[in-house]
Amino acid sequence: MQMNEKQLRILKLKKEMDAVVLAHYYVTGDVQEVADYVGDSFYLSRVASRVQAKTIVMCGVRFMAESAKILSPEKNVLLPAADADCPMAHMVTAGQVRRVRAQHEDLAVVCYVNSTAELKGESDVCVTSANAVQIVRALPNRQIYFIPDENLGRFIAAQVPEKQFLFHQGFCPTHAFLSAEDVKAARRAHPDALLLVHPECRPEVVELANYAGSTAGILRFARESRAKTFLIGTEHGVLYDLAKENPDKCFYPLHPKQICPNMKRITLEKVIRAMESGFPSVFLEEEEIQRARRPLQRMLELSK
Ligand code: CIZ
Ligand code: SF4
């Protein structure tokens, strides 16, 4: 692959400063191309817990960079755009979680990793869409308080009927605006296409899908399917990976606006600036790291 000047500069900086670049599927293709590891948030947190380099450059949103810092506190973690934050991560407060906990016995607080370090610190275990069902099933508690994403929570709950769920009303603006009407319109335009969606979409959209699952799951389904045409109900960046892995298949976004503006704040220029200046880097108080590490590590252990 032919790299441009900015990309070559990043490759050079990686060597000079013993850095690895981790990129989420939702960042633009040119940034994914300079990454040592590209994946969903579960994969990236596992990589961050194991990787050897001195510096991690997290091309994603703040909670991903925080998770990397929590799992590898001795490393310098750079987040190239300080304002790349996930709105869902702030949609529940520590006080709300404590109140619910105080009102229920035998309750596990299960926290989607799309959350602040503070919220993780209030939780019993973290999950992502790639491992939530397996982890919730393995918990000894009968009652589950799932934060912050209601849509993902309901998707998990349907697969673990033996547990009682409480939900919180968090949502992802990039996925939750997609509607059944959008599905109907897209299917009219592409009648042979299979619909693959992320469970952050509303239940009415998930119900109409041929497959609903994590980003890694969507990529696996597309790879293994014999179908040739797909409608994709998740962030636009995933279409780059789908097309790259499956040059013989066609992928269409369910809606042209399924774009996460925060992920798109990560640009090659900002990656270079962060690597050259060492700023912005993630800082968390030692106590916050300690509190949030337990649920994150429990996630890694329970999803082995
Ligand atoms: O929407 C997101 O931020 C997702 C799906 C993250 C991830 O990779 O789990
Ligand atoms: Fe947050 Fe949604 Fe963007 Fe993911 S796609 S980072 S959940 S706003």
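As the structure is a prediction and not an experimental result, all values here were calculated from the model. (Residues numbered from 1 in each chain as written. Chains lettered and ligands numbered in written order. Predicted model: local features only at pLDDT ≥ 70, side-chain atom pairs only at ≥ 80, totals over all residues.)

J.: Any chance you could explain the site of ligand 2 here in plain terms?
T.: If you check the shell around ligand 2, you find 13 residues, and the closest are Val61, Cys86, Cys172, Thr174 and Cys260. Here the shell around ligand 2 is composed, by residue class, of 9 nonpolar, 3 polar and 1 charged. (Near = placed C-beta within 6 Å. Nonpolar A, V, L, I, M, F, W, Y, C, P; charged D, E, K, R; others polar.)

J.: Is there a simple way to explain helix α13 (residues 237-245) in this structure?
T.: Because an α-helix completes one turn every 3.6 residues, residues spaced three or four positions apart along the sequence face the same direction. Among all positions in α13, only Gly237, Val238, Asp241 and Leu242 are buried. Each buried residue of α13 lies within a common arc of 140° when the element is viewed along its axis, so the set occupies one face. Those residues of α13 that are buried are in contact with α12 (215-224), β11 (229-233) and β12 (250-253). (Buried ≥ 20, exposed ≤ 12 C-beta atoms within 10 Å, placed from the backbone. Helix = DSSP H or I, 4+ residues; strand = E, 2+ residues; numbered from the N terminus. Arc of directions from axis to C-beta. Contact = placed C-beta atoms within 7 Å.)

J.: Where do I start with the sheet that holds strand β1 (residues 19-24) in this structure?
T.: Adjacent strands of a sheet form backbone hydrogen bonds with each other and so pair up, either parallel or antiparallel. Strand order in the open sheet formed by 4 strands is β2-β1-β3-β4, with parallel pairing between adjacent strands. Bordering the open sheet on either side are β2 (37-39) and β4 (76-78), each of which pairs with just one other strand. Neighbour-to-neighbour, the strand axes of this sheet turn through a mean angle of 20°, independent of strand direction. Across 3 bridges, the pairing between β1 and β2 is parallel. (Pairing = 2+ DSSP bridges. Axes fitted to C-alpha atoms, helices over the stretch in contact; angles between N-to-C directions.)

J.: Please clarify how the domain arrangement of the chain should be interpreted in this entry.
T.: It is common to give the size of an interface as the accessible area lost on bringing the parts into contact. One can read the domain layout of the chain as domain 1 (5-85 + 263-285), domain 2 (88-173) and domain 3 (180-253). Computed from C-alpha atoms alone, the centre-to-centre distance between domain 2 and domain 3 is 26 Å. On the domain 3 side, the residues contacting the 9 residues of domain 2 number 12 residues. Looking at the side of domain 2 that touches domain 3 residue by residue, the classes come out as 4 nonpolar, 3 polar and 2 charged. (Domains from an automatic or database assignment.)

J.: Looking at this structure, I do not really get the sheet that holds β11. What am I missing?
T.: Taken together, 4 strands build an open sheet; the order of strands is β10-β9-β11-β12 and the sheet is parallel. Either end of the sheet is taken by a strand with one partner, and the two such strands are β10 (211-212) and β12. Pairing between β11 and β12: 4 bridges, direction parallel. In the strand pairing of β12, Ile232 is matched with Pro253. Against the sheet, α12 contacts β9 (194-197), β10 and β11, and its axis sits at roughly 160° relative to β9.

J.: When you look at the packing of helix α1 (residues 5-17) against helix α14 (residues 268-277) in this model, what are you seeing that I'm missing?
T.: To characterise two packed helices, one gives the angle between the axes of the helices and the distance between these axes. Remark: α1 packs on α14, axes separated minimally by 10 Å, with the N-to-C direction vectors making an angle of 25°. One way to sum up the angle between α1 and α14 is to call them roughly parallel. Considering the relative orientation of α1 and α14, their crossing is left-handed. Note on element contacts: α14 touches α1 through Leu268, Glu269, Val271, Ile272, Met275 and Glu276, opposite Lys6, Gln7, Arg9, Ile10, Leu13 and Met17. A per-class count over the contact of α1 with α14 returns 7 nonpolar, 1 polar and 4 charged. (Parallel < 35°, antiparallel > 145°, perpendicular 65-115°, else oblique. Left-handed = near helix turned anticlockwise from the far one by under 90°.)

J.: Got a minute to help me understand helix α4 (residues 62-71) in this structure?
T.: Here α4 lies mainly inside the structure; 10 of its 10 residues are buried. When we look at burial in α4, the residues that qualify are Arg62, Phe63, Met64, Ala65, Glu66, Ser67, Ala68, Lys69, Ile70 and Leu71. Looking at the buried residues of α4, the elements they touch are β1, α3 (41-50), β3 (55-59), β4, α6 (117-121) and α15 (286-302).

J.: Teacher, can you tell me more about the pairing of β3 here?
T.: A regular strand carries its side chains on alternate faces of the sheet. The element β3 is extensively covered by neighbouring structure, given that 4 of its 5 residues are classed as buried. In the sheet, β3 pairs with β4 via 3 bridges, with the strands oriented parallel. Its bridge partner being in β4, Thr55 is matched across the sheet by Asn76. Handedness of the crossover is the feature at issue here: the chain leaves β3, passes through α4, returns alongside β4, and the resulting connection is right-handed. (Right-handed = clockwise from strand over helix to strand, strands pointing away.)

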